[in-house]
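Remarks on the overall topology
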There are 2 protein chains.
Amino acid sequence: MTDESSVLAANAAFYAAFRAGDIEAMQRLWAESGVSCIHPGWPVLVGRDSVMRSWQGILRAESRPAIDRREEIAIVAGDEGRVLCLEVVGNATLAATNQFRRIDGVWRMTHHQASLVAEGVAKPASEPSRRLH
Amino acid sequence: MTDESSVLAANAAFYAAFRAGDIEAMQRLWAESGVSCIHPGWPVLVGRDSVMRSWQGILRAESRPAIDRREEIAIVAGDEGRVLCLEVVGNATLAATNQFRRIDGVWRMTHHQASLVAEGVAKPASEPSRRLH
């Protein structure tokens with residue numbers, strides 16, 4: 001398994017935990033320290049307590065949306081891995097960054113940020129996005 | 001100089017290059033490889049060519065806005081540094097992540113993402129934001 005494929009597997013685990021509303025899986029995935037998170041429309045959250053509290057609220061909500069993730073790209077340098085992807089939520093598309101650190105051989109999440117892509121800019125379908133040019 | 005203060009200095013250099021419209025300073029600041037960027041409302045840009053082309057367009061624009069950055073927090077682990085901050089642009093507030101890697105002793109930028117904070121959520125004035133609680 002390459003570094004890229006293993007960090008993509010960690011990224012998949014993040015979205016699986018979201019989909020399942022699995023707070024314990026989310027807690028295991030996030031690193032114990034040095035974490036931060038910026039949910040769409042939210043200000044900055046820093047620190048594990050603050051970040052995990054936000055996920056508990058989101059994962060317990062009945063109205064949690066389905067996320068269809070697309071166009072994942074992994075960038076790995078040593079024990080730092082970053083996955084960029086699009087999140088398609090209904091008619092909206094978000095651009096997301098998921099940052100991981102390999103700790104004791106396991107990719108742990110250290111940062112997540114998702115931001116709305118303006119309408120008419122994103123191309124989440126099969127055609128290549130502008131990043132490929 | 002602590003790791004935190006040196007990565008905050010790199011963060012200040014990023015905003016100074018933006019303010020001055022200094023493309024060469026921006027090019028020196030960004031790492032040669034492994035870079036990505038998500039401008040507000042944009043999809044994901046990956047790769048130095050794509051990212052630097054976007055900055056050239058932004059820095060050459062006559063309508064570049066003034067950014068008042070606030071509430072910077074640096075998180076450093078080894079040679080990876082991340083600065084979270086708010087960017088106040090007119091009446092709007094954005095939450096920004098600036099990721100740096102220390103390469104040959106110099107903090108180089110590897111990722112930037114800024115996303116609009118929903119109205120009524122941000123508190124960019126002197127009162128503490130929710131991340132402090």
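Structure: above.
Residues numbered from 1 in each chain as written. Chains lettered and ligands numbered in written order. Predicted model: local features only at pLDDT ≥ 70, side-chain atom pairs only at ≥ 80, totals over all residues. Heavy atoms only, no water.

1. Here we look at the overall build of chain A
The secondary structure content of chain A amounts to three helices and six strands. In sequence order, chain A lays out its α and β elements as α-α-β-β-α-β-β-β-β. Excluding contacts between residues fewer than 6 apart, the proportion of contacts in chain A whose partners are at least 24 apart in sequence is 47%. Summed over all atoms, the accessible surface of chain A reaches about 6,100 Å², with 50% contributed by carbon and sulfur. (Helix = DSSP H or I, 4+ residues; strand = E, 2+ residues; numbered from the N terminus. Contact = heavy atoms within 4.5 Å. Areas by Shrake-Rupley, 256 points an atom, 1.4 Å probe, with all protein chains shown as cover.)

2. With respect to the interface of chain B and chain A
Taken together, the 37 residues of chain B in the interface contact 37 residues of chain A. In total, chain B and chain A occlude about 2,900 Å² of area from one another, counting both sides; carbon and sulfur atoms represent 60% of this. Counting across the chain B and chain A interface gives zero salt bridges. Those elements that provide at least two residues to the side of chain B that touches chain A are β1 (36-38), β2 (45-46), α3 (48-60), β3 (68-77), β4 (80-89), β5 (92-103) and β6 (106-116) of chain B. The element best represented in the side of chain B that touches chain A is β6 of chain B, accounting for six residues. In terms of residue class, the side of chain B that touches chain A is made up of 20 nonpolar, 11 polar and six charged. (Buried area = accessible area lost by both parts, 1.4 Å probe. Salt bridge = Lys/Arg side-chain N within 4 Å of Asp/Glu carboxyl O. Nonpolar A, V, L, I, M, F, W, Y, C, P; charged D, E, K, R; others polar.)

3. What about the relation of the copies chain B and chain A?
Once chain B has been moved 0.0 Å along the axis and rotated by 180 degrees, it coincides with chain A to within an RMSD of 0.0 Å. Expressed as a symmetry operation, the mapping of one chain copy onto the other fits a two-fold axis. Of every C-alpha in chain B, the one belonging to S115 of chain B sits nearest the axis of rotation, 2.7 Å from it. Comparing interface residues between copies, 100% of those in chain B also sit at the interface in chain A, which points to an isologous, same-surface contact. (Least-squares fit on C-alpha atoms with pLDDT ≥ 70 in both.)

4. Considerations on the pattern of salt bridges
Side-chain pairing between opposite charges can occur once the charged atoms of the two side chains come close. Evaluation of the coordinates by the stated rule reveals 14 salt bridges over all chains. When the shortest N-O distance is used, the salt bridge between D79 of chain A and R102 of chain A registers 3.0 Å. Here R102 of chain A lies in strand β5 (residues 92-103) and D79 of chain A lies in the loop between β3 (68-77) and β4 (80-89), a separation of 23 residues in the sequence. For the salt bridge of R102 of chain B with D3 of chain B, the shortest nitrogen-to-oxygen distance reads 2.9 Å. With a gap of 99 residues between them, R102 of chain B in strand β5 and D3 of chain B in helix α1 (residues 3-20) connect regions that are remote in the sequence. A relative accessible area of 22% means that R102 of chain B is categorised as partly exposed. (Buried < 20%, exposed > 50% of the residue type's maximum accessible area, 1.4 Å probe, protein only.)

5. Structural notes on the side chain of T97 of chain A
With respect to the helices and strands, T97 of chain A occurs in strand β5. A relative accessible area of 0% means that T97 of chain A is categorised as buried. Within the local environment of T97 of chain A, its side chain forms a polar contact with the side chain of Q113 of chain B, the two groups lying 2.7 Å apart. T97 of chain A has contacts with R82, V83, L84, H111, H112 and Q113 of chain A together with I38, H111 and Q113 of chain B, leaving out every residue within four places of it along the chain. (Polar contact = N/O pair within 3.5 Å; in protein donor to acceptor, adjacent residues only side chain to side chain.)

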